[in-house]
Amino acid sequence: MRPLTEEETKILFKKLAEYIGRSIEKLINRSDERHCFRLASKDRVYYVSESVMKAATSISRENLLSLGTCLGKFTKGGKFRLHITALDYLSQYAQYKVWVKPSAEMSFLYGNNVLKSGLARITESTPQYAGVVVYNMSDIPLGFGVAAQGTDACKDLEPTGNVVLHQADIGEYLRGMEDEIF
């Protein structure tokens with residue numbers, strides 16, 4: 001476990017800002033305890049409280065498998081890819097949200113994009129290509145993606161047009177993508 005370099009932090013914050021905007025500060029300076037980001041094996045970034053991080057310093061790197069919540073990983077190309085394990089934190093501070101109809105819920109959980117016919121609600125003034133968190137009608141976060149259309153364009157879209165491009169969903173746990181997630 002090591003702290004992120006300045007360049008890695010910049011890339012991580014840029015990715016998180018797509019989904020939660022300026023609420024990144026709320027992730028670090030939480031009311032209960034300060035949290036930080038740490039890089040572990042396989043270029044994985046973990047979100048961990050400082051007290052747990054300090055306690056983990058007594059464990060050798062070879063014996064430490066995981067610490068805190070895995071937010072994602074850096075690709076070989078230097079980009080950052082969010083994992084579904086970051087959904088709890090993204091949903092708390094999401095700027096833009098999309099709610100899907102019950103009939104489109106399973107389609108999204110199988111890894112498909114959200115179509116206009118499955119769209120129930122969308123946050124007002126959502127810009128095109130903004131990061132969105134996808135909820136069901138009971139306000140349970142299902143996953144996240146990128147808005148293929150802005151809010152205004154969705155009104156005139158045909159029923160088979162894409163509204164949200166799928167990035168990750170909670171169905172990944174069931175589809176056997178553990179190697180990619182953990």
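Since this is a predicted model, take the numbers as computed values, not measurements.

Engineer: I'd like a description of the sheet that holds strand β11 (residues 162–169), backed by residues and values.
Structural biologist: Pairing is mixed across the open sheet formed by six strands, whose spatial order is β7-β11-β10-β9-β6-β8. Looking at which strands have only one partner, the edges of the open sheet turn out to be β7 (114–115) and β8 (119–122). Of the pairings in the sheet, the one linking strand β6 (residues 97–100) to strand β9 (residues 131–135) comprises three bridges and is parallel in character. The residue of β9 that forms the bridge with Lys 97 is Val 133. On top of the sheet, helix α5 (residues 102–109) reaches β6, β7, β9, β10 (141–147) and β11; it is set at about 80° to β10, its chief contact.

Engineer: Which residues make up the nonpolar core, and what values do they have?
Structural biologist: By size, the foremost hydrophobic cluster in this structure holds 29 residues, and its most contacted members are Leu 16, Phe 37 and Leu 90. Beyond its immediate sequence surroundings of up to four residues, Leu 90 is in contact with Leu 16, Tyr 19, Ile 20, Leu 82, Val 133 and Phe 144. Judged by nonpolar contacts, the second largest core, of 17 residues, contains Tyr 96, Ala 104, Phe 108 and Leu 119.

Engineer: Hey, could you go over the side chain of Ser 91 for me, with residue numbers and the actual values?
Structural biologist: Note that Ser 91 resides in helix α4 (residues 87–93). Apart from residues no more than four positions distant in its own chain, Ser 91 is found in contact with Val 133, Tyr 135 and Pro 141.

Engineer: Could you give an account of the sheet that holds strand β1 (residues 2–3), with specific residues and numbers?
Structural biologist: What links the strands of a sheet is backbone hydrogen bonding, and the strands pair in either a parallel or an antiparallel sense. Reading across the sheet, the five strands line up as β1-β2-β3-β4-β5 and stay open at both edges, with antiparallel pairing between neighbours. What marks the edges here is a single partner per strand, and that holds for β1 and β5 (80–82). Bridge count for β1 against strand β2 (residues 35–40) is two bridges, and the pairing is antiparallel. For Pro 3, the partnering residue across the bridge sits in β2 and is Arg 38. Packing of helix α1 (residues 6–20) onto the sheet brings it into contact with β1, β2, β3 (44–49), β4 (69–74) and β5, and relative to β5 it is tilted by some 40°.

Engineer: Describe the environment of Lys 97, and please don't skip the residues or the numbers.
Structural biologist: The residue Lys 97 is located in strand β6 in this model. Spatially, the C-alpha atoms of Lys 97 and Arg 121 are 8.3 Å apart, while their sequence positions differ by 24 residues. With sequence-adjacent residues up to four places away left out, Lys 97 is seen in contact with Arg 121, Ile 122, Thr 123, Val 133 and Tyr 135.

Engineer: Lay out the environment of Asp 156 in plain terms, naming residues and giving numbers.
Structural biologist: In this fold, Asp 156 is placed in the loop between α6 (151–155) and β11. With a relative accessible area of 70%, Asp 156 lands in the exposed category. Spatially, the C-alpha atoms of Asp 156 and Thr 5 are 45 Å apart, while their sequence positions differ by 151 residues.

Engineer: Give a detailed account of the pattern of salt bridges, specifying residues and quantitative values.
Structural biologist: Counted by the stated rule, this structure contains three salt bridges. One salt bridge in this structure joins Glu 8 and Arg 2, with 2.9 Å as the shortest N-O distance. Accessibility expressed as a relative area gives 15% for Glu 8, which makes it buried. The closest approach of N and O atoms between Arg 30 and Asp 32, which form a salt bridge, is 3.0 Å.

Engineer: Can you break down unusual backbone geometry residue by residue, with the values?
Structural biologist: Leaving glycine aside, a negative phi is the common case for residues, and trans is the common case for peptide bonds. Even without a glycine there, the phi angle at Ser 125 is positive, about 60°. Looking at the element boundaries, Ser 125 is found in the loop between β8 and β9. Unusually for a residue other than glycine, Tyr 129 sits at a positive phi of about 70°. Tracing the sequence through the fold places Tyr 129 in the loop between β8 and β9. For Tyr 129, a relative accessible area of 56% gives the class exposed.

Engineer: Which residues make up the packing of aromatic side chains, and what values go with them?
Structural biologist: Scanning the entire structure with this criterion turns up six aromatic pairs. With a centroid separation of 5.8 Å and 70° between ring planes, the pair formed by Phe 13 and Phe 37 is classed as edge-to-face. Remark: Phe 37 occurs in strand β2 and Phe 13 occurs in helix α1; sequence separation between them is 24 residues. Overall, the relative accessible area of 7% leaves Phe 37 in the buried class.

Thresholds applied
Residues numbered from 1 in each chain as written. Predicted model: local features only at pLDDT ≥ 70, side-chain atom pairs only at ≥ 80, totals over all residues. Heavy atoms only, no water. Pairing = 2+ DSSP bridges. Helix = DSSP H or I, 4+ residues; strand = E, 2+ residues; numbered from the N terminus. Contact = heavy atoms within 4.5 Å. Axes fitted to C-alpha atoms, helices over the stretch in contact; angles between N-to-C directions. Core = buried A, V, L, I, M, F, W, Y, C linked by side-chain atoms within 4.5 Å. Buried < 20%, exposed > 50% of the residue type's maximum accessible area, 1.4 Å probe, protein only. Salt bridge = Lys/Arg side-chain N within 4 Å of Asp/Glu carboxyl O. Phe/Tyr/Trp six-rings, centres within 6.5 Å; stacked < 30°, edge-to-face > 60°.

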